[in-house]
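Descriptive analysis of the structure
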Amino acid sequence: MATAAAASASEAEPEPKAGPTAEGEEDGVKTARTRRKVLPRAVAAAAYKAVGPGWDQQEEGVSESDGDEEYAMASSAESSPGEYEWEYDEEEEKNQLEIERLEEQLSINVYDYNCHVDLIRLLRLEGELTKVRMARQKMSEIFPLTEELWLEWLHDEISMALDGLDREHVYELFEKAVKDYICPNIWLEYGQYSVGGIGQKGGLEKVRSVFERALSSVGLHMTKGLAIWEAYREFESAIVEAARLEKVHNLFRRQLAIPLYDMEATFAEYEEWSEDPIPESVIQNYNKALQQLERYKPYEEALLQAEAPRLAEYQAYIDFEMKIGDPARVQLIFERALVENCLVPDLWIRYSQYLDRQLKVKDLVLSVHNRAVRNCPWTVALWTRYLLAMERHGVDHRVISVTFEKALSAGFIQATDYVEIWQAYLDYLRRRVDFKQDSSKELEELRSAFTRALEYLKQEVEERFNESGDPSCMIMQNWARIEARLCNNMQKARELWDSIMTKGNAKYANMWLEYYNLERAHGDTQHCRKALHRAVQCTSDYPEHVCEVLLTMERTEGTLEDWDIAVQKTETRLARVNEQRIKAAEKEAALAQQEEEKAEQRKRARAEKKALKKKKKTRGADKRKAEEDDEKEWGDDEEEQPSKRRKVENSTPPAGEAQDLEAEMGLFGKSAPVDVDPPSKQKERAAALKRDMPKVPHDSSKDSITVFVSNLPYSMDEPEVKLRPLFEACGEVTEIRPIFSNRGDFRGYCYVEFKEEKSALQALELDRKTVEGRPMFVSPCVDKSKHPDFKVFRYSTALEKHKLFVSGLPFSCTKEELEEICKAHGTVKDIRLVTNRAGKPKGLAYVEYENESQASQAVLKMDGMTIKENVIKVAISNPPQRKVPEKPETKKAPGGGMVPRQIYGARGKGRTQLCLLPRALQRPSMTAAQAENGPAPQPAVTTSAATEAPKMSNADFAKLLLRK
């Protein structure tokens, strides 16, 4: 059956007519049709040679097969620009200028992925074959290429291959292509192309080798592995020899033992093809594979239904495979996940960790680590793992050093990342040293590396981030420990610790105690005593602890004179510390007293203001009552007043009242004079009408179908009439309740009640819509008394490494202009211009890039740029903590309600804000960043915290201290 299928597939098909229309519209059809013809024709040629009387192994290299010509023609048809010559026109000139710009951009930043892709596309369009080959080669050295880029490159090279040397070059490209990502289509192309060279010496073995490797790589792929199996079987079936039939049997049996989609069709094909009954063992393996397929189907169907990149679905699939524990399938699912999530560092870390701990195959492990750092070069954890893996598998020292140099030029976005990579490399160099020898080449290399690390952090890193990234001087501490413990060089260790203390660490007790412990272990008592005496004088955070350590040492080892000196110094120091603390406490108490007095003054002022307001309100009520009495005496306005009130509540009066109003106007409109109130009095009367409108209590049970609308213009007349058409587009509106002040003025916000909850949810999309020149804010209706921490800020307030904060923009800068500037440094996903409540620009913007690397490069290139005579500042987005209103039961700390920024994570001292606090000093935030409308998460409250006594103020603490 397979032979018949190959023979029928090799029959010629009618080609479409040549011409511009067919060439443009049917290009995809011709490409698919040509690919279908390549393999069967090459296989048929191989079969002809196999059955020919004079064909043997020596004759394999006599001539090329027809399949080679067919494949070259197919590739040429796909990539050839046409028979006509390009004319030099404006389009070509524009392309040349763009090529020059891209080449210049790459000379500045060779890690710009999009520039590489655009340059290759333009060079290919212009027919610059040599340049496009060089551009592809340069890009492949820096980045792994996608399946589309590799297939395009391979087709171009295949179309230009003329002899055996060119074919070997194409084979080398295929070998590079299959190493970047797991790509079944590239393996299939590789197998088809190798079939074209079957007539060369060793061609048959080459084809089988390629297909066997393809099966090892993607043969387990449940949805795409079937094509590889069928192509391999088709090739073997075309060679009609008795020895080949057994190979086809083996391929069928191997395939049926693996869970793949459409297994039933393969089994039916095997039954039809085989002349003998299928063995019972094959049927058992087939049934077992079917059962496995049912277990895998939910995960495969989840991948088919989800949208790329499907990270969550792949993670679940990986967990399932790791529970089963088949290394080949675990490796395959990791590779499949990385095709769509190649820029997710955590996925690479998990994959490399599995290989390091489970498989431990050198070539495989190092290949994955290398691909990881090429995909995510900005992630320091991948580089450190790569260095450890290379050391673990005995890679040459020069190769490891070159890899470390590449890591330094990878462009990390934090200063602490450089400290981490230096520590990993220094640890590696330390493990190479044999400390039993007094001096060695490795020891000198280690010392020079420590010196270079300190200079690099001081010059390169500190110049870029305005900090070295190592405030605790961990690298110098490690160097000092090595010199003291392993090299017995306490003199060098003391010099290093002196340098550490001069860098602002002398005020910390833990630093002095670390130095003291080193002296105790490898120094002498004299230097220990000297270190503790200095610590007593310099320590400011925990002086009592240092004094206690000094007295303990003198009690154990010191003389009476040493003891007296230690007691005198500690008492003097502690007395000075207590005096400073008392002064600080008094100052705190004074500030607290001032705050209490100010709070009392504010409280009295509010009470007086409230009493005055109440008094005015009473007078206004008396005045309105007098006016109503006057109106009742005249009687003319008695019938008009209810009509006006109803008109305010409902924009259209009832029909009967409208007729009465027309009759009244017809009676007095022209024939009789009418007293018309002045505009000021009319405004007062309208305000009085709004004042007298019945108050509608808020019903909390309807919050789910109600939205809160704010930031409306205060000058808006009849808000209900103007807002109703806007919100009725979201669904049926039950009621719109505008809020007025006591004077009857519109306060700029209202409540919109819908009939259905889905209409209220749809209305939230109207947030920031411009109404009469102002952005209208639309948020859920939430009772703040029940949810005091409810937030309506839509954007994240935490560190976002892929988002930039741009300040200093000209007010006339539009979103399109800023996007045109930013997209030169990467793929821009979103741009948000910040405006005030009136909708006017504030000169600020947030730019979101596709990943952290692009954002980091954009900061370096755009910071300090001039736009319309304005010098802009660009930083990684990390807003300071928003002020949280104090609760009534808590008292303000001295200095107001300011929150120390270091609690929430500083944005760094650098102007570009690329630097962050070291991880050793970071503290977790008390509340998670809120990115959507909704209540903020409540911190967990322990039982002890719930039952503790009321908190004491600073003044109470001061009184307690002074009482002692």
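This section reports on the structure supplied with the text. Given the structure is predicted, the values throughout are model-derived calculations rather than measurements.

Looking only at helices and strands, the chain features 39 helices and 13 strands. Expressed as a percentage of its 964 residues, the buried residues of the chain come to 39%. Contacts in the chain between residues at least 24 apart in sequence constitute 65% of all its contacts with a sequence separation of at least 6. Element-wise, carbon and sulfur atoms account for 51% of the exposed surface of the chain, whose accessible area totals about 55,500 Å².

With that out of the way, let us pick up the packing of aromatic side chains. Following the criterion strictly, the structure yields 33 aromatic pairs and no others. Ring plane angle 0 degrees and centroid distance 4.7 Å describe the contact between Phe-174 and Tyr-190, whose orientation is recorded as stacked. Remark: Tyr-190 occurs in helix H10 (residues 184-196) and Phe-174 occurs in helix H9 (residues 164-180); sequence separation between them is 16 residues. With respect to class, Phe-174 is no different from Tyr-190; both count as buried. Between Phe-708 and Tyr-751, the aromatic rings sit 5.3 Å apart at their centres with planes inclined by 55 degrees, giving tilted as the arrangement.

In this section: the side chain of Glu-157. Structurally, Glu-157 is set in helix H8 (residues 147-160). Of the polar contacts made by the side chain of Glu-157, one reaches the side chain of Arg-133; its length is 2.9 Å. The residues touching Glu-157, leaving out its near neighbours within four places in the chain, are Arg-133, His-169, Val-170 and Leu-173.

On to the pairing of strand E9 (residues 841-849). In the sheet, strand E7 (residues 800-807) pairs with E9 via four bridges, with the strands oriented antiparallel. When the sheet's bridge partners are listed, Val-806 is paired in E9 with Ala-845. In this sheet, E9 lies alongside strand E8 (residues 828-835) in antiparallel orientation, the contact comprising seven bridges. For Leu-833, the partnering residue across the bridge sits in E9 and is Ala-845.

Another point: the environment of Asp-703. Residue position: Asp-703 is located in the loop between helix H32 (679-691) and strand E1 (706-710). Since its relative accessible area comes to 16%, Asp-703 is described here as buried. Put simply, Asp-703 and Pro-780 are 77 residues apart on the chain and 7.7 Å apart in space, counted from C-alpha to C-alpha.

Moving on to unusual backbone geometry. Peptide bonds are mostly trans, and most non-glycine residues show a negative phi. Omega for the peptide link from Ala-308 to Pro-309 comes to 10 degrees, which places this bond in the cis form. Relative to the assigned elements, Pro-309 resides in the loop between helix H15 (280-305) and helix H16 (311-324). Not every positive phi belongs to a glycine, and Arg-310 is a case in point at roughly 55 degrees. Considering the arrangement of structural elements, one finds Arg-310 in the loop between H15 and H16. With a phi angle near 50 degrees, Glu-718 is a residue other than glycine that sits in the positive phi range. Here Glu-718 is to be found in the loop between E1 and helix H33 (719-728).

On to the packing of helix H21 (residues 397-408) against helix H23 (residues 441-465). Two numbers describe how H21 lies on H23: the axes approach to 14 Å, and their chain directions differ by 5 degrees. It follows that H21 is roughly parallel to H23 by the angle criterion. Contacts between H21 and H23 pair His-397, Phe-404, Glu-405 and Leu-408 from the former with Glu-445, Arg-452 and Tyr-456 from the latter. Across the contact of H21 with H23, the residue classes tally to three nonpolar, one polar and three charged.

Taken together, the side chains of Lys-598, Arg-602, Lys-603 and Arg-606 make up a positively charged region of the molecular surface. Tracing the backbone through its elements, the reader meets Lys-603 in helix H29 (residues 560-634). Residue Lys-603 is classed as exposed on the basis of its relative accessible area of 53%.

Below, the discussion takes up the packing of H16 against helix H18 (residues 345-359). Axis angle and axis distance: for two packed helices, these are the angle between their axes and the distance between the axes, and together they describe the pair. Taken N-terminus to C-terminus, the directions of H16 and H18 make an angle of 15 degrees; their axes are 13 Å apart at the nearest point. Of the possible angle classes, the one that applies to H16 and H18 is roughly parallel. For the element pair H16 and H18, the recorded crossing hand is left-handed. Seen from H16, the contacting residues are Leu-311, Gln-315, Ile-318, Asp-319 and Met-322; seen from H18, they are Leu-347, Arg-350 and Tyr-354. For the contact of H16 with H18, the residue count by class is five nonpolar, one polar and two charged.

Let us look at the nonpolar core. The tendency in soluble globular proteins is for nonpolar side chains to be buried as a group. Core analysis: the biggest nonpolar cluster contains 158 residues, and Ile-186, Ile-421 and Trp-422 have the highest contact counts within it. Contact partners of Trp-422, with chain neighbours within four places excluded, come to Phe-404, Leu-408, Ala-449, Arg-452, Ala-453, Tyr-456, Leu-457 and Ile-475. Grouped together as the second largest cluster of nonpolar side chains are 20 residues, Phe-727, Cys-730, Ile-736 and Ala-760 included.

Under the defined criterion, the tally for this structure stands at 46 salt bridges. We note a salt bridge from Asp-156 to Arg-136, for which the minimum N-O separation is 2.9 Å. Highlighted residues: Asp-156 in helix H8 and Arg-136 in helix H7 (residues 129-142), separated in sequence by 20 residues. Of the two residues, Asp-156 and Arg-136, neither departs from the other in class, the shared state being buried. Linking Glu-544 and Arg-581 is a salt bridge whose minimum nitrogen-to-oxygen distance equals 2.7 Å.

With 14 residues, helix H17 (residues 327-340) extends 21 Å between its outermost C-alpha atoms, agreeing within 8% with the 20 Å of an ideal straight helix rising 1.5 Å per residue. Listed in full, the buried residues belonging to H17 are Arg-329, Val-330, Leu-332, Ile-333, Phe-334, Glu-335, Arg-336, Ala-337 and Leu-338. The secondary structure elements touched by the buried residues of H17 are helix H11 (203-218), H15, H16, H18 and helix H19 (362-375).

Now for the sheet that holds E8. If you walk across this open sheet you meet the four strands as E8-E9-E7-E12, and the pairing is antiparallel. Whereas interior strands pair on both sides, the edge strands pair on one side only; in this sheet they are E8 and strand E12 (873-877). Going across the sheet, the axis of each strand differs from the next one's by a mean of 25 degrees, ignoring polarity. Contacts from helix H35 (residues 815-822) reach E8 and E9, with the element oriented near 140 degrees to E8. Against the sheet, helix H36 (residues 852-862) engages E7, E9 and E12, with an angle of about 25 degrees to E7.

A few words on the sheet that holds strand E4 (residues 769-771). Spatial strand order, E2-E3-E1-E5-E4: five strands in an open sheet with antiparallel pairing. Each edge of the open sheet is held by one strand with a lone partner, namely strand E2 (733-740) and E4. Averaged over all pairs of adjacent strands, the angle between their axes in this sheet comes to 30 degrees, without regard to strand direction. Packing of H33 onto the sheet brings it into contact with E1, E2, strand E3 (746-754), E4 and strand E5 (774-780), and relative to E2 it is tilted by some 140 degrees.

What counts, and where the lines are drawn
All residue numbers refer to positions counted from 1 along the written sequence of the respective chain. Confidence filtering applies because this is a predicted model: local features only for residues at pLDDT of at least 70, side-chain atom pairs given and counted only at 80 or more, and all residues used for totals across whole chains, interfaces and linings. Excluding hydrogens and water, the side-chain values take into account all heavy atoms of the structure. Going along the chain from the N terminus, every DSSP run of H or I of four or more residues is numbered as a helix, and every run of E of two or more is numbered as a strand. Using a 1.4 Å probe on the protein chains alone, a residue whose accessible area is under 20% of its type maximum counts as buried, one over 50% counts as exposed, and one in between counts as partly exposed. Note on contacts: a residue pair is in contact if any heavy atoms of the two residues lie within 4.5 Å. In these tables, accessible area is a Shrake-Rupley quantity obtained with a 1.4 Å probe, and a residue counts as shielded only by the protein chains included in the view. Any Phe, Tyr or Trp ring, taking Trp's six-membered ring, that has another such ring centre within 6.5 Å forms a pair; planes under 30 degrees apart are called stacked, those over 60 apart edge-to-face, and the others tilted. Whenever a nitrogen or oxygen atom comes within 3.5 Å of another N or O atom, the pair is scored as a polar contact, on the condition that within protein one atom can donate a hydrogen and the other can accept it, and that pairs from neighbouring residues in sequence are kept only if both atoms are in side chains. A pair of strands is considered paired only if DSSP assigns at least 2 bridges between the two. Axes here refer to lines fitted to C-alpha atoms; in helices the fit is confined to the stretch in contact. Angles between the N-to-C directions go from 0 to 180 degrees. Roughly parallel here means an angle under 35 degrees, roughly antiparallel means over 145, roughly perpendicular means 65 to 115, and every remaining angle is called oblique. Under the scheme applied here, ten amino acids are nonpolar (Ala, Val, Leu, Ile, Met, Phe, Trp, Tyr, Cys and Pro), four are charged (Asp, Glu, Lys and Arg), and all others, including Gly, are polar. For patch building, the residue pool is restricted to those with more than 30% relative accessible area and no salt bridge; the joining distance is 9 Å between like charges and 5 Å between nonpolar side chains (Val, Leu, Ile, Met, Phe, Trp, Tyr). The salt bridge criterion pairs a side-chain nitrogen of Lys or Arg with a carboxyl oxygen of Asp or Glu, the two atoms within 4 Å. Positive charges come from Lys and Arg alone, negative charges from Asp and Glu alone, with His and the N- and C-terminal ends not counted. The atoms used to mark charge sites are NZ of Lys, CZ of Arg, CG of Asp and CD of Glu. Less than a right angle of anticlockwise turn of the near helix away from the far helix marks a crossing as left-handed, whereas a clockwise turn marks it as right-handed. Definition used in this section: a nonpolar core is a set of buried Ala, Val, Leu, Ile, Met, Phe, Trp, Tyr and Cys residues joined via side-chain atoms within 4.5 Å. Here, expected helix span is obtained from the residue count minus one, scaled by 1.5 Å.

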